[in-house]
Amino acid sequence: LGATVSSGGSNKRGCLPERLEWSPLSPEPDAAPPPLYEASGKAFRALAAKYALCLAGDTFRALEQSGSLGAALPHLSVLARMAPDQKQLALKVLKEEGIRAMMCGDGTNDVGALKQSDIGVALVNASFVAPPPKPLASREEVRQEGPYAAGGPS
């Protein structure tokens, strides 16, 4: 299940958590409707027993503002599309609860969260990696061009 915050919340900092709705990310035709939102550890534990729970930054903010983040976070499977400070806060809360966490990121704006996690994986684009070494020269090339032309001793 994915959590979304309905637009039109009544406070200026974002939508009120009462507007949080769980919805299937890939709905099945005959599936029962998702349960109504309840901000207790017991409710999150029950949901997590049946569903893999994931949420994005706007919902994370709503849970944080409502004081429900500590109850929800240990039961969430995936946190995505979050600001760097939200990633760091999530890892801090998990550490305080004694829960180990893995962070996967691009290593640019989320370095703090990567360093704070128990396991940090930086996904690096191949363009940031040094090019592969040139192939070694064959004996024939060395004989024809000499060792210096083939990248030999300098």
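Residues numbered from 1 in each chain as written. Predicted model: local features only at pLDDT ≥ 70, side-chain atom pairs only at ≥ 80, totals over all residues. Heavy atoms only, no water.

(A) The overall build of the protein, seen in detail. Within the protein, the secondary structure is distributed over 6 helices and 6 strands. Pairs at least 24 apart in sequence give 41% of the contacts found in the protein among residues at least 6 apart. Counting every atom, the protein has about 10,500 Å² of accessible surface; 55% of that belongs to carbon and sulfur. (Helix = DSSP H or I, 4+ residues; strand = E, 2+ residues; numbered from the N terminus. Contact = heavy atoms within 4.5 Å. Areas by Shrake-Rupley, 256 points an atom, 1.4 Å probe, with all protein chains shown as cover.)

(B) Geometry of the nonpolar core. Phe60, Leu63, Leu69 and Leu73 are the most contacted members of the largest nonpolar core, which totals 19 residues. Of all the secondary structure elements, the ones that give two or more residues to this core are helix H1 (41-50), helix H2 (57-66), helix H3 (69-72), helix H4 (84-96) and helix H5 (111-116). For this core, the element with the highest residue contribution is H4, accounting for 4 residues. Those residues in contact with Leu73 that lie beyond four places of it in its chain are Phe60, Leu79, Ala90, Val93 and Leu94. (Core = buried A, V, L, I, M, F, W, Y, C linked by side-chain atoms within 4.5 Å. Buried < 20%, exposed > 50% of the residue type's maximum accessible area, 1.4 Å probe, protein only.)

(C) Quick look at the confidence of the model for the protein. Of the residues in the protein, 65% have a pLDDT of 70 or more, and the chain-wide mean is 75. Confidence drops under a pLDDT of 50 for residues 5-18, and excluding neighbours within four residues, the segment shows 27 contacts in the predicted structure. (pLDDT = per-residue confidence, 0-100.)

(D) Main features of the pattern of salt bridges. In this structure the tally under the stated criterion is 2 salt bridges. Among the salt bridges present, the one from Asp110 reaches Lys87, with a minimum N-O distance of 3.5 Å. Taken together, the residues span a long stretch of sequence, with Asp110 in the loop between strand E5 (102-105) and H5 and Lys87 in helix H4 at a distance of 23 residues. On the accessibility criterion, Asp110 (3% relative accessible area) is buried. Across the pair Glu96 and Lys92 runs a salt bridge whose closest N-O atoms are separated by 3.8 Å. With Glu96 and Lys92 both in helix H4 and 4 residues apart, this pair spans about one turn of that helix. Judged by its relative accessible area of 43%, Lys92 falls in the partly exposed class. (Salt bridge = Lys/Arg side-chain N within 4 Å of Asp/Glu carboxyl O.)

(E) Representation of the pairing of E5 within the structure. Only one face of E5 is covered, namely the face carrying Met103 and Gly105; the face carrying Met102 and Cys104 is uncovered. In this sheet, strand E6 (residues 119-122) lies alongside E5 in parallel orientation, the contact comprising 4 bridges. Among the inter-strand pairings, Cys104 is bridged to a residue of E6, identified as Val121. Once the chain exits E5 it traverses H5 before rejoining the sheet at E6, and the crossover so formed is right-handed. (Pairing = 2+ DSSP bridges. Right-handed = clockwise from strand over helix to strand, strands pointing away.)

(F) Seen up close, H4. Here H4 is 13 residues long and its end C-alpha atoms lie 19 Å apart, about the 18 Å a rise of 1.5 Å per residue gives. Residues of H4 that are buried include every one of Gln86, Lys87, Ala90, Leu91, Val93 and Leu94, and no others. Seen along its axis, H4 keeps its buried residues to an arc of 160 degrees; they face one direction. Turned more than 90 degrees from where H4 packs its buried face, Asp85 and Glu96 sit exposed. Gly98 sits one or two positions beyond H4 and adopts a positive phi of about 75 degrees. (Expected span 1.5 Å × (residues − 1). Arc of directions from axis to C-beta.)

(G) How the structure looks around the side chain of Lys87. Residue classification places Lys87 among the buried positions, given a relative accessible area of 17%. If we skip the residues at most four places from it in the chain, Lys87 touches Met82, Met103, Asn109, Asp110 and Ala113.

(H) Region of interest: the packing of H2 against H4. At a closest axis distance of 11 Å, the pairing of H2 and H4 adopts a crossing angle of 55 degrees. Classified by the interaxial angle, the pair formed by H2 and H4 is oblique. Crossing of H2 against H4: the hand is left-handed. Listed contacts from H4 to Gly57, Phe60, Arg61 and Glu64 of H2 are Gln86, Leu89 and Ala90. For the contact of H2 with H4, the per-class residue count stands at 3 nonpolar, 2 polar and 2 charged. (Axes fitted to C-alpha atoms, helices over the stretch in contact; angles between N-to-C directions. Parallel < 35°, antiparallel > 145°, perpendicular 65-115°, else oblique. Left-handed = near helix turned anticlockwise from the far one by under 90°. Nonpolar A, V, L, I, M, F, W, Y, C, P; charged D, E, K, R; others polar.)

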